[in-house]
Amino acid sequence: MPRANETSIFTEMTELAHRTGAVNLGQGVPDLAAPPQLLADVADAVLAGRNQYPPAAGHPALRAAVAEHQRTHYGLALDPATEVLVTTGATEALAAACLALTGPGDEILAFDPCYDAYPADAGLSGASLVAVPLAVAGDGFALDLDALRAALTPRSRLLLLNSPHNPTGKVFMPDELAAIAELCVAHGLTVVTDEVYEHLVYDGARHLPIATLPGMRERTLTISSAGKTFSVTGWKVGWVSGPAELVAAVASVKQWLTYASGAPYQEAIARALGTVDAWAAELRATLTAGRDLLAAGLGAAGLTPYRADAGYFLQADVRPWGFGDGLRLCRQLPELAGVVAIPTSAFQRGADAAPWLVRFSFCRRHEVLAEAADRLAALADAPGRGPA
């Protein structure tokens, strides 16, 4: 867990962006448009006075919409009354799940690098986070099945599976998921999945929820949210679905966190989920073009970014720029190139960390990305970029 009064790397980099006027490609905060009808529906709900506490489990229409979404997209049958819970973003769902299902002495496994909330959530419950390194494979990342096997102990209770994955942009392949599922069944692990980028998958890659695999429906809690899908990250509306007994355990914790939130947002999102395919296709096209624009800029600057099959982020090896430490580069990059990024070390917990990786966000308007790409390309021939 972070120490009291510790400044996060995200805060540090955001302050650097403000101070230097650099293009901020650090955090995954999109400046892309949301669906106009979704915004109109929220405004209507607010003006109609639907601004008080919704039911603790979530607006019935949203729970029904989530259940229908899981059925139509993945063939998962859910009872919206007992197997769907609305949360204050996926962040609350993840924290409540860890608090509900683990405690002191337990171990929570997560693939490394991992979203920075995971170790904090493990710390809140008193559990230990065990980092399982992803392997660098060609121009992307892959499951290291031997590393996962080696990480399992009698204290292993929970696997936090993030696919599509932040920060690498990896989508776990069906054979990888099958191997993970086999180990989870054999060792009695509960799986909590973070699938917030489920609709932002590119280049023909396919998102497959592990809950659809044999033996996994009964041991998997699936978490997602509206924030990334509809470019409304500030609304903080998420949900968790799965077996009734596991959802009830999460609800027993959630009631003492936020109890309930976002009544007008929930009502509007319930309508939007039914039309998500058309909207997501448009957003994917925008993000794919932005990714490719930024990748070209990194390439012109002398780097080869890793493949991003999903999400908001590109990983790049910055050693060709003369830096072996991504944190050191990120602290200098606003002055060197007028761009802010995040060192991937902020997401790494294992001994096999690669400190030379840096994460760049492409969930920005294309004109912003073009400016960042030009600035990065100009760094290619700049002298004095620093020792490796």
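Heads up: the structure comes first, above all this text.
Residues numbered from 1 in each chain as written. Predicted model: local features only at pLDDT ≥ 70, side-chain atom pairs only at ≥ 80, totals over all residues. Heavy atoms only, no water.

Caption draft 1: Looking closely at the sheet that holds strand S7 (residues 156–162). Spatial strand order, S2-S10-S9-S8-S7-S3-S4: seven strands in an open sheet with mixed pairing. Strands with a single pairing partner mark the edges of an open sheet, and in this sheet they are strand S2 (84–87) and strand S4 (128–133). Shown here is a sheet whose adjacent strand axes are inclined to one another by a mean of 20°, direction ignored. One ladder, built from six bridges, connects strand S3 (residues 107–112) with S4; its direction is parallel. Bridge pairing links Ala 110 to Ala 131 in S4. Seen against the sheet, helix H3 (residues 60–74) touches S2, strand S9 (220–225) and strand S10 (238–241) and runs at an angle of roughly 120° to S2. Relative to S9, helix H4 (residues 89–101) is tilted by about 160°, and along the sheet it contacts S2, S3, S7, strand S8 (190–194), S9 and S10. (Pairing = 2+ DSSP bridges. Helix = DSSP H or I, 4+ residues; strand = E, 2+ residues; numbered from the N terminus. Axes fitted to C-alpha atoms, helices over the stretch in contact; angles between N-to-C directions. Contact = heavy atoms within 4.5 Å.)

Caption draft 2: Inspection of the sheet that holds strand S11 (residues 313–317) at higher detail. Sheet architecture is open: three strands sit in the order S11-S14-S13, paired in antiparallel fashion. With partners counted over all chains shown, the strands left at the sheet margins are S11 and strand S13 (342–343), one partner each. Of the strand pairs in this sheet, S11 and strand S14 (residues 357–361) are connected by five bridges, and their pairing is antiparallel. Each residue of the ladder has a partner; that of Phe 313, found in S14, is Ser 361. Docked against the sheet, helix H11 (residues 326–337) engages S13 and S14, running at close to 45° with respect to S14.

Caption draft 3: Representation of the packing of aromatic side chains within the structure. Inspection of every chain in the model, using the stated rule, returns nine aromatic pairs. Ring geometry for Trp 235 and Tyr 265: centres 4.7 Å apart, planes at 25°, overall stacked. Here Trp 235 is found in the loop between S9 and S10, whereas its partner Tyr 265 is found in helix H9 (residues 263–273), with 30 residues between them in sequence. Where Tyr 312 meets Phe 313, the ring centres are 6.1 Å apart and the plane angle is 75°; that geometry is what we call edge-to-face. Phe 313 carries the same exposure label as Tyr 312, and that label is buried. (Phe/Tyr/Trp six-rings, centres within 6.5 Å; stacked < 30°, edge-to-face > 60°. Buried < 20%, exposed > 50% of the residue type's maximum accessible area, 1.4 Å probe, protein only.)

This is a description of form; function is not addressed.
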